[in-house]
Amino acid sequence: MHRCALTLLLLAATGCTEPRSAQCKEVCRREAECVDTTGSKMPFDEKECVAACAALENDVADNGAKVQRHIDCVHKQQSCDAVLECK
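These numbers come from a predicted model, not from an experiment.

Chemist: Describe in detail the overall build of the chain, supporting the description with residues and values.
Modeler: The number of helices and strands found in the chain is 5 helices and 0 strands. Ordered by position from the N terminus, the helices and strands of the chain form the series α-α-α-α-α. With 87 residues in all, the chain has 28% of them scored as buried. Accessible surface, the chain as shown: approximately 6300 Å² in total, 58% of it carbon and sulfur.

Written out as structure tokens, the structure reads:
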């Protein structure tokens, strides 16, 4: 019985976590730096950004292309103001 409960607990824990994409981590780190650098009043949480980005990135059918366009936009920008304008 304990083994079954432990297995269910492990499955539940791993099923609720999104893999963390290196691209998402990099883009969210850059955006967080830009929010700090510009003194933007935009509410921004880097960890939430990474989690949302990874979840959307994995939703290839509906959102994968949008995430990739956003990542590309952030990579192309030189200024933080331009980074924060990426949609």
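Chemist: Can you break down the environment of Cys 28 residue by residue, with the values?
Modeler: Among the secondary structure elements, Cys 28 is positioned in helix α2 (residues 22–38). The exposure class assigned to Cys 28 is buried, which follows from its relative accessible area of 1%. Sequence separation between Cys 28 and Glu 48 is 20 residues; the distance between their C-alpha atoms is 9.1 Å. Setting aside anything within four residues of it in sequence, one finds Cys 28 in contact with Phe 44, Glu 46, Cys 49 and Val 50.

Chemist: Go over the confidence of the model for the chain with me, naming the residues and quoting the values.
Modeler: Per-residue confidence for the chain gives a mean pLDDT of 82; residues scoring 70 or more make up 77%. In this model, residues 1–18 is a region of pLDDT below 50 whose contacts with residues beyond four sequence positions or in other chains number 3 contacts.

Chemist: Please provide a residue-by-residue account of the pattern of salt bridges, values included.
Modeler: It is possible for side chains bearing opposite charge to pair when their charged atoms get close. Within the structure shown, the criterion is met by 1 salt bridge. Notably, a salt bridge pairs Arg 29 with Glu 33, separated by 2.7 Å at the nearest N-O pair. A residue pair is termed a helical-turn pair when its members lie 3 or 4 positions apart in one helix, as Arg 29 and Glu 33 do in helix α2 at 4 residues.

Chemist: With reference to specific residues and values, describe the layout of surface pockets.
Modeler: Empty space within the largest pocket amounts to approximately 310 Å³. Along the walls of the largest pocket sit 17 residues, with Glu 31, Cys 49, Cys 53, Leu 56 and His 70 positioned nearest its centre. When contributions to the lining of the largest pocket are tallied by element, the ones reaching two or more residues are α2, α3 (46–58), α4 (64–76) and α5 (80–85). Element by element, the count of residues in the lining of the largest pocket is highest for α3, at 4 residues. Its residues placed into classes, the lining of the largest pocket shows 12 nonpolar, 2 polar and 3 charged.

Chemist: Could you give an account of α3, with specific residues and numbers?
Modeler: Each α-helix winds once per 3.6 residues, and so residues spaced three or four apart point in a common direction. Compared with an ideal rise of 1.5 Å per residue, which puts 13 residues at 18 Å, α3 spans 18 Å between its outermost C-alpha atoms and is within 8% of the ideal. Taken together, the buried positions of α3 are Cys 49, Val 50, Cys 53, Ala 54 and Glu 57. Down the axis of α3, the buried set is contained in an arc of 125°. They therefore lie on one face. Of the exposed residues in α3, those oriented more than 90 degrees away from the buried face are Lys 47 and Glu 48. Between a side-chain oxygen at the N-terminus of α3 and the backbone nitrogen of Lys 47 the separation is 3.0 Å; the capping residue is Asp 45.

Thresholds applied
- Residues numbered from 1 in each chain as written.
- Predicted model: local features only at pLDDT ≥ 70, side-chain atom pairs only at ≥ 80, totals over all residues.
- Heavy atoms only, no water.
- Helix = DSSP H or I, 4+ residues; strand = E, 2+ residues; numbered from the N terminus.
- Buried < 20%, exposed > 50% of the residue type's maximum accessible area, 1.4 Å probe, protein only.
- Areas by Shrake-Rupley, 256 points an atom, 1.4 Å probe, with all protein chains shown as cover.
- Contact = heavy atoms within 4.5 Å.
- pLDDT = per-residue confidence, 0-100.
- Salt bridge = Lys/Arg side-chain N within 4 Å of Asp/Glu carboxyl O.
- 1 Å grid on protein atoms, 1.4 Å probe; cavity = no way out; pocket = protein on both sides within 12 Å on 5 of 7 lines; lining within 4 Å.
- Points joined across faces, edges and corners; volume = space filled by probe spheres on them.
- Nonpolar A, V, L, I, M, F, W, Y, C, P; charged D, E, K, R; others polar.
- Expected span 1.5 Å × (residues − 1).
- Arc of directions from axis to C-beta.
- Polar contact = N/O pair within 3.5 Å; in protein donor to acceptor, adjacent residues only side chain to side chain.

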